[in-house]
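# A structural walkthrough
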There are 2 protein chains.
Amino acid sequence: MTGRTAGAVDEQVIDRLRDAVGARWVRTDAATRRAYARDATPLFDAEPDVVVQPGTTAEVAAVVRIAAAHGVPVVARGAGTNLCAATVATHGGIVLSATRMDRLLEVSEAEQLAVVQPGVTTTALATAAAAAGLLYPPDPGSRAVSTIGGNVATCAGGLRGLKYGVTRNYVLGTEAVLGTGEIIRTGGRLVKDVAGYDLTRLLVGSEGTLAVLTEITVALVPAPPTAGYGVAYFDSLADAGRAVAAVVGAGLVPATLEFLDATCIEAVESHAGLGLDRGAGALLLFGDDGAPAQVDAALATMVTACRDAGARAVTTAPDVATAEDLLAARRCTLPALSRLGSLTVLEDVSVPRPRLAEAVARIGDIARGTGVRVGVFGHAGDGNLHPTAVADGQDPAQVAAVHRTFEQIFQLALDLGGTITGEHGVGAAKLAWLPRRLDPAQLALMRRLKAAFDPAGILNPGKLGS
Amino acid sequence: MTGRTAGAVDEQVIDRLRDAVGARWVRTDAATRRAYARDATPLFDAEPDVVVQPGTTAEVAAVVRIAAAHGVPVVARGAGTNLCAATVATHGGIVLSATRMDRLLEVSEAEQLAVVQPGVTTTALATAAAAAGLLYPPDPGSRAVSTIGGNVATCAGGLRGLKYGVTRNYVLGTEAVLGTGEIIRTGGRLVKDVAGYDLTRLLVGSEGTLAVLTEITVALVPAPPTAGYGVAYFDSLADAGRAVAAVVGAGLVPATLEFLDATCIEAVESHAGLGLDRGAGALLLFGDDGAPAQVDAALATMVTACRDAGARAVTTAPDVATAEDLLAARRCTLPALSRLGSLTVLEDVSVPRPRLAEAVARIGDIARGTGVRVGVFGHAGDGNLHPTAVADGQDPAQVAAVHRTFEQIFQLALDLGGTITGEHGVGAAKLAWLPRRLDPAQLALMRRLKAAFDPAGILNPGKLGS
């Protein structure tokens with residue numbers, strides 16, 4: 001999956017880029033190109049010809065105009081933490097890094113919003129919001145380093161998605177540079193504004209293929225005064241699934257309802273020694289936030305739902321430190337699984353919530369069939385699961401088996417009425433699968449849409465809209 | 001504002017339409033054409049050449065293909081309750097009525113969603129959801145007759161928007177017919193699905209200019225067990241604005257936070273005799289839903305905020321009947337104002353919430369300047385206000401003064417960092433204003449986007465994207 005279909009960028013273009021942003025922000029040395037050859041997606045590797053770090057919107061526009069004039073690909077990149085090879089320069093060209101555009105421009109308490117440059121990290125935004133008594137809800141696993149620009153480009157989710165939704169639900173407006181080099185402003189600071197097509201939400205999740213984000217306005221919500229968490233162990237995911245159904249059936253929309261299967265429990269416990277029950281078939285992490293009485297009531301309902309579904313044990317965290325341990329168990333699942341093999345492929349499918357347990361059971365069957373070790377964890381409340389394969393990346397037979405495993409898992413998700421990606425995106429990694437999810441008329445429409453934003457086809461070619 | 005730029009549809013096209021959907025569903029008689037010449041927008045009137053009532057998606061596609069082949073405009077229409085002349089056939093052609101596609105296909109309690117045809121009324125959906133213990137939150141004023149297709153096409157709001165959001169937040173998937181006659185399915189039944197561009201949200205609010213909706217899947221939420229409402233009277237909207245700021249500052253996101261100015265209070269009381277305080281300068285209707293303790297706490301906070309802001313009187317509704325009266329006061333504001341003159345123009349602008357009271361005061365100045373009677377009511381929580389002018393529609397001087405009034409109000413909204421339409425839409429009514437809100441590059445992009453969906457330019461010409 002390493003590949004380049006375009007030739008090197010010629011020196012004349014490099015000179016023009018240097019003129020546009022300053023020579024020190026245009027890097028063509030081998031070390032820099034290697035550093036930007038990969039994102040967090042295993043098995044994808046392609047060096048860009050040049051890495052450009054613009055400092056202003058005008059510089060971004062200048063770079064895009066140069067690229068458009070010369071037909072050079074432009075891959076906008078935040079921290080490169082995406083898991084679908086959305087920021088790998090598969091067609092070479094320019095990686096446009098948001099590193100220098102990392103200013104948090106404004107937090108408005110009265111309007112409950114923030115205005116940021118794309119290179120601001122998710123955690124920096126969340127911290128600034130918290131200082132104003134507000135919450136920025138999306139909290140993807142990589143939030144300490146991931147950027148808001150990347151979060152918007154991939155519509156990132158997180159552990160609070162059930163109650164709070166995903167990045168899409170918080171983007172009020174953007175400033176963006178089209179593939180023509182034109183600068184547009186979509187939406188703005190208003191919660192309600194229907195003047196024109198909803199270009200703001202169209203840009204969310206467009207993975208850098210329609211425009212380069214240069215400024216983002218996000219809505220913030222009042223910070224909930226308290227939060228509470230609990231954990232339940234079950235003999236099987238089917239039991240945990242019944243608990244989830246009971247929670248939802250009780251009319252609750254809790255902030256957090258996450259699960260780990262037996263493989264993940266074992267890996268996390270070996271890695272972090274948090275005292276998890278290694279004998280359990282499934283772990284359910286549940287939590288809610290809000291006023292204290294409301295949180296207590298929600299936790300009590302969830303404890304009862306877990307017990308009624310036959311949980312082996314249910315406990316609630318008596319204090320913040322214990323709650324943090326529970327969240328850490330969920331958050332460290334990927335690093336814990338990564339220790340089991342040199343190759344860890346974290347995947348992302350969604351199924352209708354009532355079919356979650358069935359999906360996990362059938363993923364187990366698939367893994368047994370291909371002989372690949374697969375742990376499954378994810379967001380039980382919205383049916384979004386992350387089957388994760390671990391293997392020896394140096395063994396071509398194992399790598400091939402991992403591919404076969406995921407081919408079957410993607411098909412399973414579609415067969416269950418689900419999708420090939422719930423929150424990680426398409427990128428280069430799943431483009432070949434898109435025709436299994438979307439019909440030809442929609443794929444053709446997407447190509448026409450991309451052409452409307454990017455007539456020269458320079459923005460992240462080989463990804464969405466290609 | 002009555003106008004037609006295209007000629008009549010020729011008989012050959014009418015014959016093909018009859019072949020496609022059956023002769024009885026193709027109407028060209030004068031009475032039918034007159035009946036479909038207007039929607040709920042005053043001052044806009046244009047008869048279509050033919051009214052077609054397809055019964056299936058395949059028939060919709062056939063009609064669109066015929067129209068595309070002959071360059072005939074197609075105006076998709078639900079109940080025609082929109083307030084921006086979005087469904088007036090300004091260019092003649094076909095009005096495509098959703099009347100016959102009014103089946104509620106499914107309500108899934110386990111997946112918390114409903115699948116409906118576009119002609120289902122908002123109330124029918126809400127009632128079916130309630131029967132399953134679920135809530136469909138958007139509740140536009142016209143909900144008893146408005147259709148879901150129209151709600152999606154205009155991104156309709158309602159009285160619960162502050163807490164629950166608008167139609168956009170509930171559309172999970174669509175089936176739609178492009179201007180080519182091709183049928184696509186966007187999104188689906190999943191809360192999280194990022195496989196492809198977010199065409200679902202792009203279609204929301206696109207006012208029939210990109211595609212004709214033929215099926216819609218909406219998310220439902222657990223029905224809140226209780227709701228409570230209260231009313232506060234203030235000497236001025238500035239006082240009411242301070243109460244709103246205090247409510248928001250206290251970390252509350254209540255379901256309802258609506259206001260009426262003195263003109264609206266007087267009109268409603270004269271019309272409905274609900275016992276409102278005619279001497280007040282502003283009325284604030286507040287309410288929340290959820291668990292009883294949570295509702296009580298929210299109402300107590302809002303009562304305190306109103307008192308602290310200098311309210312003349314604050315009361316909470318002791319029972320459902322009283323609460324319904326309060327909501328009726330807000331809901332009947334438009335009909336009450338309508339009795340004051342033969343012409344009532346309900347408008348829709350948004351400003352940043354902290355500038356609401358200032359906006360209302362300056363609208364008062366504008367109305368005094370033009371000599372037009374203007375009442376203002378709306379959604380205090382999100383800065384979306386509905387200045388409403390009443391005049392003698394037979395007096396050209398008064399009609400001209402109404403236009404001058406709104407020109408100044410739109411400019412005021414923009415000057416305050418707001419927008420020309422918060423929830424009603426652009427349609428034919430505000431198309432001329434769009435260049436004041438969006439820059440030329442974005443308008444040009446919108447035209448390219450429309451062409452991607454509708455290469456022949458037949459879907460609702462003279463509206464968004466034109």
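Predicted, not measured: the structure shown is a model, and the values here were computed from it. (Residues numbered from 1 in each chain as written. Chains lettered and ligands numbered in written order. Predicted model: local features only at pLDDT ≥ 70, side-chain atom pairs only at ≥ 80, totals over all residues. Heavy atoms only, no water.)

## A short note on the overall build of chain A
Applicable threshold: Only DSSP runs of H or I with at least four residues qualify as helices, and only runs of E with at least two residues qualify as strands; both kinds are numbered from the N terminus onward. The size measure is the radius of gyration over C-alpha atoms, and the globule rule it meets is 2.2 Å times the number of residues to the 0.38 power. Think of it in three bands: with a 1.4 Å probe and only protein chains considered, a residue is buried below 20% of the maximum accessible area for its type, exposed above 50%, and partly exposed in between. Should any heavy atoms of two residues lie within 4.5 Å, those residues are counted as being in contact. Using a 1.4 Å probe, the Shrake-Rupley method yields the accessible areas, and only the shown protein chains count as cover for residues.
Helix and strand counts for chain A stand at 16 helices and 19 strands. In summary, chain A has a C-alpha radius of gyration of 22 Å against a globular reference of 23 Å for 466 residues, a match within 12%. The buried share among the 466 residues of chain A stands at 61%. Counting only contacts in chain A whose residues sit at least 6 apart along the sequence, the fraction spanning at least 24 positions is 72%. With the model as given, the accessible surface of chain A reaches about 15700 Å², and the carbon-plus-sulfur share is 52%.

## Notes on the relation of the copies chain A and chain B
Filter applied, for reference: C-alpha atoms of residues with pLDDT of at least 70 in both copies form the basis for the least-squares superposition of the copies.
Expressed as a screw operation, the relation of chain A to chain B combines 0.0 Å of axial shift with a rotation of 180°, fitting to an RMSD of 0.0 Å. Expressed as an axis order, the relation between the two copies is that of a two-fold axis. The share of interface residues of chain A whose copies in chain B are also at the interface is 100%, consistent with both copies meeting through the same surface.

## Side note on the packing of helix α8 (residues 237-249) of chain A against helix α10 (residues 292-308) of chain A
All names here are of chain A. What counts is decided by this rule: Axis geometry follows a simple rule: fit a line to the C-alpha atoms, using only the stretch in contact for helices, then measure angles between N-to-C directions, giving values from 0 to 180 degrees. Should an angle fall under 35 degrees it is called roughly parallel, over 145 degrees roughly antiparallel, and 65 to 115 degrees roughly perpendicular, with every other angle called oblique. Whether a crossing is left-handed or right-handed is set by the direction in which the near helix is turned from the far one by less than a right angle, anticlockwise for left-handed and clockwise for right-handed. Polar here means any residue outside two lists: the nonpolar Ala, Val, Leu, Ile, Met, Phe, Trp, Tyr, Cys and Pro, and the charged Asp, Glu, Lys and Arg; Gly therefore counts as polar.
It is at 8 Å that the axes of α8 and α10 come closest, and there the two elements cross at 140°. The orientation of α8 with respect to α10, classified from their angle, is oblique. Both α8 and α10 take part in a crossing whose hand is right-handed. Between α8 and α10, the residues in contact are Ala243, Ala246 and Val247 and Met302, Ala305 and Cys306, respectively. Broken down by class, the residue content of the contact of α8 with α10 amounts to 6 nonpolar, no polar and no charged.

## A word on the interface of chain A and chain B
This is how it is decided: Put simply, buried area is how much 1.4 Å-probe accessible surface two parts lose in total, over both of them, once they are put together. Note on definitions: salt bridges are taken to be side-chain nitrogens of Lys or Arg within 4 Å of carboxyl oxygens of Asp or Glu.
Between chain A and chain B, the contact holds 68 residues from the first and 68 residues from the second. For the chain A and chain B pair, buried surface summed over both sides reaches about 5600 Å², with 60% attributable to carbon and sulfur atoms. Considering only the side of chain A, the residues that lose the most area to chain B are A:Lys192, A:Val194 and A:Tyr197, jointly responsible for 18% of the buried surface there. Remark: the boundary between chain A and chain B carries 8 salt bridges. B:Lys192 is the partner of A:Glu423 in a salt bridge, and the nearest nitrogen-oxygen pair spans 2.9 Å. If you tally residues by element for the side of chain A that touches chain B, the top one is helix α16 (residues 440-453) of chain A, at 9 residues. When its residues are assigned to classes, the side of chain A that touches chain B shows 31 nonpolar, 22 polar and 15 charged.

## Remarks on the state of the cysteines
Residues and elements named next belong to chain B. Heads up, the condition is: Throughout, disulfides are identified as pairs of cysteine sulfur atoms within 2.5 Å of each other.
If you walk through the whole model with that rule in mind, you get 0 disulfides over all chains. Note on Cys264: no disulfide assigned, nearest cysteine sulfur contributed by Cys332 at a separation of 10 Å. You can call Cys264 buried: its relative accessible area is 0%.

## Some details on the side chain of B:Asp261
Residues and elements named next belong to chain B. The criterion, for reference: When charges are counted, neither His nor the chain ends are considered; positive counts come from Lys and Arg and negative counts from Asp and Glu. Side-chain atoms alone can form a polar contact between residues adjacent in sequence; in general such a contact is a pair of N or O atoms within 3.5 Å, and within protein one must be able to donate a hydrogen while the other accepts it.
Summarising the element assignment, Asp261 is placed in strand β13 (residues 256-261). Look at Asp261: it is buried, it has no salt bridge, and the nearest opposite charge is Arg368 at 8.9 Å. Polar side-chain contacts of Asp261 include one of 2.9 Å to the backbone nitrogen of Cys264. Dropping the residues within four chain positions of it, Asp261 is found in contact with Leu237, Gly281, Val374, Gly375 and Val376.

## Some thoughts on α16(A)
Since the α-helix packs 3.6 residues into each turn, any two residues three or four apart lie on the same face. We apply this condition: To estimate the expected span of a helix, count its residues, drop one, and scale the result by 1.5 Å.
Here α16(A) contains 14 residues, and its C-alpha end-to-end distance of 20 Å stays within 8% of the 20 Å for a straight helix at 1.5 Å per residue. Turning to α16(A), its buried residues number three or more, namely A:Ala441, A:Gln442, A:Leu443, A:Leu445, A:Met446, A:Leu449, A:Lys450, A:Ala452 and A:Phe453.

## Some words on unusual backbone geometry
The phi dihedral of A:Glu207 falls on the positive side, at around 55°, and the residue is not glycine. Along the polypeptide, A:Glu207 turns up in the loop between α7 (199-203) and β10 (211-219). You will see that B:Leu43, though not glycine, has its phi angle at about 75°, which is positive. Within the element layout of this structure, B:Leu43 appears in the loop between α2 (30-35) and β2 (50-52).

## Observations concerning the domain arrangement of chain A
How big an interface is tends to be expressed through the accessible area that disappears when the partners come together. Residue and element names in this part refer to chain A. Quick note on the threshold: What marks off one domain from the next here is an automatic or database domain assignment.
Taken as a whole, chain A is organised into domain 1 (11-100), domain 2 (104-222), domain 3 (226-321) and domain 4 (341-438). With 8 residues of domain 1 in contact, the opposing surface of domain 4 contributes 12 residues. When the two sides are added together, the surface that domain 1 and domain 4 hide from each other amounts to roughly 770 Å², 78% of it contributed by carbon and sulfur. Three residues stand out in domain 1 for area buried against domain 4, namely Leu43, Leu83 and Cys84, and they jointly supply 65% of the buried area on that side. Counting the contacts that link domain 1 with domain 4 gives 0 salt bridges. At the junction of domain 1 with domain 4, the criterion picks out 3 residue pairs in polar contact (both at pLDDT 80 or more). Here the residues of the side of domain 1 that touches domain 4 are counted per class, giving 7 nonpolar, 1 polar and no charged.

## Details of the UniProt feature "domain: FAD-binding PCMH-type" (unreviewed entry) in chain A
What counts here: UniProt positions are given in the numbering used here, feature names are shortened, and annotations may be inferred rather than shown by experiment.
Here the UniProt feature "domain: FAD-binding PCMH-type" (unreviewed entry) sits at residues 44-223 of chain A. Between the C-alpha atoms that bound residues 44-223 of chain A the distance is 39 Å, and the span itself is 22% helix and 26% strand.

## Structural notes on the pairing of strand β4 (residues 94-97) of chain B
All names here are of chain B. Selection rule: Strands qualify as paired when DSSP identifies two bridges or more between them.
Where burial is concerned, the two faces of β4 agree: the one with Ile94 and Leu96 and the one with Val95 and Ser97 are both buried. In this sheet, β4 lies alongside β2 in parallel orientation, the contact comprising 3 bridges. Residue pairing in the sheet places Val50 in a bridge with Ile94 of β4. Sheet topology places strand β3 (residues 74-77) next to β4; 4 bridges connect them, and they run parallel. Note that in β4 the partner of Val74 across the bridge is Ile94.

## Some points on the confidence of the model for chain A
Short version of the rule: Predictor confidence is given residue by residue as pLDDT, running from a minimum of 0 to a maximum of 100.
Overall, the prediction assigns chain A a mean pLDDT of 95, with 98% of residues at 70 or greater. Below a pLDDT of 50 lies the segment residues 1-6 of chain A, which in the model reaches 19 contacts outside its immediate sequence neighbourhood of four places, other chains included.

## Here's the deal with the packing of helix α1 (residues 11-21) of chain B against helix α3 (residues 57-70) of chain B
Helix-helix packing: each pair is described by the crossing angle between the helix axes and the interaxial distance. All names here are of chain B. Their axes nearest at 9 Å, the elements α1 and α3 cross at an angle of 165°. As far as their axial angle goes, α3 and α1 are roughly antiparallel. By crossing handedness, the relation of α1 to α3 is classed as right-handed. Residues Gln12, Val13, Arg16, Leu17, Ala20 and Val21 of α1 pack against Glu59, Ala62, Val63, Ile66, Ala69 and His70 of α3. Class assignment of the residues belonging to the contact of α1 with α3 gives a composition of 8 nonpolar, 2 polar and 2 charged.

## Focus: the side chain of B:Asn151
Residue and element names in this part refer to chain B. When you line up the elements, Asn151 lands in helix α5 (residues 148-154). At 2.6 Å, the side chain of Asn151 forms a polar contact with the side chain of Thr122. With residues near it in sequence (within four places) discarded, Asn151 still touches Thr122, Pro140, Ser146, Ala156 and Thr167.

## Structural notes on the nonpolar core
One recurring pattern in soluble globular proteins: nonpolar side chains tend to sit buried together. Our working rule: The set of buried Ala, Val, Leu, Ile, Met, Phe, Trp, Tyr and Cys residues whose side-chain atoms join them within 4.5 Å is what this entry labels a nonpolar core.
A:Phe234, A:Leu385 and B:Leu385 are the most contacted members of the largest nonpolar core, which totals 203 residues. Beyond its immediate chain neighbours, meaning those up to four positions away, B:Leu385 contacts B:Phe259, B:Glu347, B:Asp348, B:Val349, B:Val351, B:Leu356, B:Ala359, B:Val360, B:Ile363, B:Val376, B:Phe377 and B:Gly378.

## A short note on the sheet that holds strand β2 (residues 50-52) of chain A
Hydrogen bonding along the main chain pairs the strands of a sheet, whether they run parallel or antiparallel. Residue and element names in this part refer to chain A. With mixed pairing, the 4 strands of this open sheet are ordered in space as β1-β2-β4-β3. Two strands in the sheet have a free side with no partner beyond their single neighbour: β1 (26-27) and β3 (74-77). Along the sheet, helix α3 (residues 57-70) contacts β2, β3 and β4 (94-97); its crossing angle with β4, the most-contacted strand, is approximately 170°.

## Digging into the pattern of salt bridges
Residue and element names in this part refer to chain A. In this structure the tally under the stated criterion is 60 salt bridges over all chains. The salt bridge partner of Glu266 is Arg278, with a shortest N-O separation of 3.0 Å. Highlighted residues: Glu266 in helix α9 (residues 262-272) and Arg278 in the loop between α9 and β14 (282-290), separated in sequence by 12 residues. Classification of Arg278 as partly exposed rests on a relative accessible area of 44%. Among the salt bridges present, the one from Asp365 reaches Arg368, with a minimum N-O distance of 2.8 Å. On the criterion of helical spacing, the pair formed by Asp365 and Arg368 is a turn pair, its members being 3 residues apart in helix α13 (residues 356-370). For Arg368, a relative accessible area of 64% translates into the label exposed. Salt bridges sharing partners connect three or more residues here, namely Arg33, Arg34, Arg38, Asp45 and Glu47.

## Concerning the packing of aromatic side chains
For clarity, the threshold we go by: The rule is short: rings of Phe, Tyr and Trp, with Trp giving its six-membered ring, pair when the centres are within 6.5 Å, and they are stacked under 30 degrees, edge-to-face over 60, tilted in between.
If you walk through the whole model with that rule in mind, you get 6 aromatic pairs over all chains. Consider the rings of B:Tyr136 and B:Tyr170, whose centres lie 6.2 Å apart with planes at 75°: the pair is edge-to-face. Taken as a pair, B:Tyr136 in the loop between β7 (134-135) and α5 and B:Tyr170 in the loop between α6 (161-164) and β8 (171-178) lie far apart in primary sequence, 34 residues in all. Looking at B:Tyr136, the relative accessible area reads 1%, which means it is buried. Judged by its relative accessible area of 7%, B:Tyr170 is buried. Taking 6.1 Å as the distance between ring centres and 25° as the angle between the ring planes, the aromatic pair formed by B:Phe406 and B:Phe410 counts as stacked. Residue B:Phe406 and its partner B:Phe410 are both found in helix α14 (residues 396-415); the two are separated by 4 residues, about one turn of the helix. Side by side, B:Phe406 and B:Phe410 carry an identical accessibility label, which is buried. Of the aromatic side chains, those joined through ring pairs into one cluster are A:Phe406, A:Phe410 and A:Trp433.

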